[in-house]
Amino acid sequence: MPDGEGGYVNVNMMQAFEQLESMLESETGGPVHLVRIAGQRWSYAAGRLPLEESFDAPQRVILSPEWALLFYPGNGSDIDREQIRELFEKHAGKGDA
Amino acid sequence: MLTEETNTSSWMSRRIKNDEIVKYMDHGRDFIDDVLIERQLAEAPKEPDPRQVREILAQSMAIKDLSPEQVAVLINVRDPGMLEEMRDTALRIKLKIYDNRIVTFAPFYLGNYCVNRCSYCGFNNDNCDAQRKVLSPDEIRREISVLAGEIGHKRLIVVYGEHPKNDVDYIIESLKTIYSVRVKTRNGHGSIRRVNVNAPPFCVEDLRRINEAGIGTYQVFQETYHKETYARMHPAGTLKGNYNWRLYCMHRALEAGIDDVGIGVLFGLYDWRFELMSLVYHTQELEKRLGIGAHTISFPRLVPALNSAIPADWPYLVNDEDFKKIMLIIRLAVPYTGMIITARERADIRDEAVRMGITQMDASSRIAIGSYSGGTTDAVTVQKEDRQQFILGDTRSLDELIRDLARMGHITSFCTAGYRCGRTGKCIMDLLRSGTEGKFCKLNAVLTFQEWLDDFGSEEARKAGEPLIDKEIAQIKEKNPKALDIFMDYHRRIKTGERDLYL
Ligand code: SF4
């Protein structure tokens, strides 16, 4: 569950991501990456590699001050960011919180 | 009351954490096996068979790492025709992965206090002639105003000495200060968007804190991998005297979450052949143990320093021909790794390096503390031996370098998008290996180059740069039509003064 500052407590983000990755990919038609935010830096944490043919502009969904998702849409699909965020929160919140 | 000396000694005594060395070692042994390396060098064919060399080159061209044994074979190539084939392959690899882009940056020295006593360095603690200084936040802001607001840099390598005055808290605060400066320019605004850090080795906990500050690459150079030479150059009892604390620094950095790390050697301290083999062992060890090899490799070459103990007839000084061979072999051995050549080298060597697979160069560099804002002609043309670690060989301005590169068909990239888009660590390595990163890079290179030309370029630089941009855009249209709409939208917005748009 998100804590008061929008971060996640007692939730293994990597685990949640692994469970959701294929579903997210089918929603967006391209690879999805979980990244860890440290100041300006967004470090790759998990997600299918390499990105092969995908070179659409990546789209961002910030999950918390520490974590975000990057989508590389395969078919130019417009991602409903709020929906993705809610989905992730719901799933991650079900973890070991 | 404690004296400054007592404080420094107690700070030094807390720095090295032995358990953060031993845990990475293999039954108490490190990964640089001097005897094995010397044997591999001795056993490599003295006159390599061209067929064998060509097989090795084909492996590099397929973007596959070379083994140390294969590197030893390339080291022994002396035949001019074969060397030409190596040069040709190195350039083709560079173009395949990085295309015609050269990323540019500036070095920024924040202080020259140092507790160490390295024999070859003008900043060593025994050098009483060096003028010591650490920049205050206001001084940092003044320097960045010049770097980002007058020269137009977007990327820095910030250099910190090993001293309590330059400790982790100072590093974090200075990074915040650097990132906070925003300066009005001719058509938009300038700021520093990526700060790479060249600093001493830290423990995992300190490295975590540095990572949280949002750095680009973390660089620590081993200087020499040869243990006997290392001990001779770095006196026992100093922090730097601990070979393994330095050797395992990148293991700790990767464990701390810093997933872009830069390694390097100060060529000229020991036999370059041994050092080259060791660099390959180092990056392969990181990849094997932690899943991510070196993001960049640097290869500074020893040059005179004030009060240096290295004599002019030191047997390991590297001549120009061998230095070029070193660059070629690094490009071939780790085909996708970034290669940095700094302004230590003369302009003619750096221009040649561009044709050998180099990916990053600095320009308008000043390495005396506080010298970007401290007087223009003074700092560039009259170098301050008592305030700099070494003497620069290439004092070209960024505008001049950009023009020279453009004449050679190379576009100067100010791109800092990758590390702000999750293209770091294993991701960036895989993208580079598969050739996919180039698609992003080309777009971002053109966008950032356009920004620079509009904000800082001289009339001549614009004349040299604009046709290059037209050519790049034509290529994007042909090879990357999917990205064209968004790219053209960003390009138009940059022309009207918007800044820092990236993909
Ligand atoms: S090389 Fe670095 S560590 Fe050694 S004396 Fe110079 S500044 Fe200090």
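Here the structure is a predicted model, which is why all the values come from computation and not from measurement. For every chain, the first residue of the written sequence is number 1, and numbering continues from 1 along that sequence. For this description, chains carry letters from A and ligands carry numbers from 1, given in the order in which they are written. With the structure being a predicted model, the display of local features is reserved for residues of pLDDT at least 70 and the display and counting of side-chain atom pairs for 80 or more, all residues being used for whole-chain, interface and lining totals. Each side-chain value is worked out from all heavy atoms of the structure, with water and hydrogens disregarded.

(A) How the structure looks around the sheet that holds strand β1 (residues 32-38) of chain A. Residue and element names in this part refer to chain A. Each pair of strands is called paired provided DSSP finds at least two bridges between the two strands. Secondary structure elements follow DSSP: runs of H or I of four or more residues count as helices, runs of E of two or more count as strands, with numbering from the N terminus. Read across the open sheet, the 4 strands follow the order β2-β1-β4-β3; overall the sheet is antiparallel. Each end of this open sheet is capped by a strand with a single partner; those strands are β2 (41-47) and β3 (59-62). Across the sheet, the mean angle separating the axes of adjacent strands is 30° when strand polarity is ignored. In terms of strand pairing, β1 meets β2 through 6 bridges, oriented antiparallel. Residue pairing for β2: Leu34 is matched across the bridge by Ala46. It only takes one pair of heavy atoms within 4.5 Å for two residues to be counted as in contact. Fitting a line to C-alpha atoms yields each axis, with helices limited to the stretch in contact; the angle taken between N-to-C directions then spans 0 to 180 degrees. In the packing of helix α1 (residues 13-28) onto the sheet, the strands contacted are β1, β2 and β4 (67-71), and the crossing angle to β1 comes to about 135°.

(B) Inspection of the interface of chain B and chain A at higher detail. Each partner contributes to the interface: chain B provides 31 residues, whereas chain A provides 24 residues. Note on terms: buried area is the combined drop in 1.4 Å-probe accessible area of two parts once they are placed together, counting the loss on both. Taken together, the two surfaces of chain B and chain A that pack against each other cover about 2300 Å², and 54% of this comes from carbon and sulfur. Every case where a carboxyl oxygen of Asp or Glu lies within 4 Å of a side-chain nitrogen of Lys or Arg is listed as a salt bridge. Where chain B meets chain A, there are 3 salt bridges. For the salt bridge of Asp259 of chain B with Arg41 of chain A, the shortest nitrogen-to-oxygen distance reads 2.4 Å. Distance and chemistry together define a polar contact, namely a pair of N or O atoms within 3.5 Å, with one atom able to donate a hydrogen and the other to accept it when in protein, and with adjacent residues in sequence counting only for side-chain atoms on both sides. Taken together, chain B and chain A are joined by 11 residue pairs in polar contact (both at pLDDT 80 or more). Mapped onto the side of chain B that touches chain A, the elements with two or more residues apiece are α9 (204-212), α18 (425-434) and α19 (437-455) of chain B. With 5 residues, α18 of chain B is the single largest residue contributor to the side of chain B that touches chain A.

(C) Quick peek at α9 of chain B. Burial classes follow relative accessibility: with a 1.4 Å probe on protein chains only, a residue under 20% of its type's maximum area counts as buried, one over 50% as exposed, and anything between as partly exposed. Buried within α9 of chain B are the following residues: Val204, Asp206, Leu207, Ile210 and Asn211 of chain B. The buried side chains of α9 of chain B occupy one side of the element, clustering within an arc of 155° when seen end-on. Each element contacted by the buried residues of α9 of chain B is listed here: β1 and β2 of chain A together with α2 (19-22), α8 (168-180), β6 (218-219) and α12 (249-255) of chain B. One or two positions beyond α9 of chain B, positive phi appears at Gly214 of chain B, with a value near 80°. By arc we mean the arc of the directions from the helix axis to the C-beta atoms, nothing more.

(D) Focus on the environment of Pro315 of chain B. Position of Pro315 of chain B among the secondary structure elements: in the loop between β8 (296-298) and α14 (320-333). For the pair formed by Pro315 of chain B and Ile258 of chain B, sequence separation is 57 residues and the distance between their alpha carbons is 37 Å.

(E) Structural context of the confidence of the model for chain A. Residue and element names in this part refer to chain A. Residues at a pLDDT of 70 or more form 75% of chain A, whose mean pLDDT is 75. Each residue carries a pLDDT value, the predictor's own confidence for that position, ranging from 0 to 100. Mean pLDDT per element in chain A: helix α2 (residues 81-93) is the minimum at 76, and β2 is the maximum at 93. The low-confidence segment residues 1-10 (pLDDT under 50) makes 25 contacts with residues lying over four places distant or belonging to another chain.

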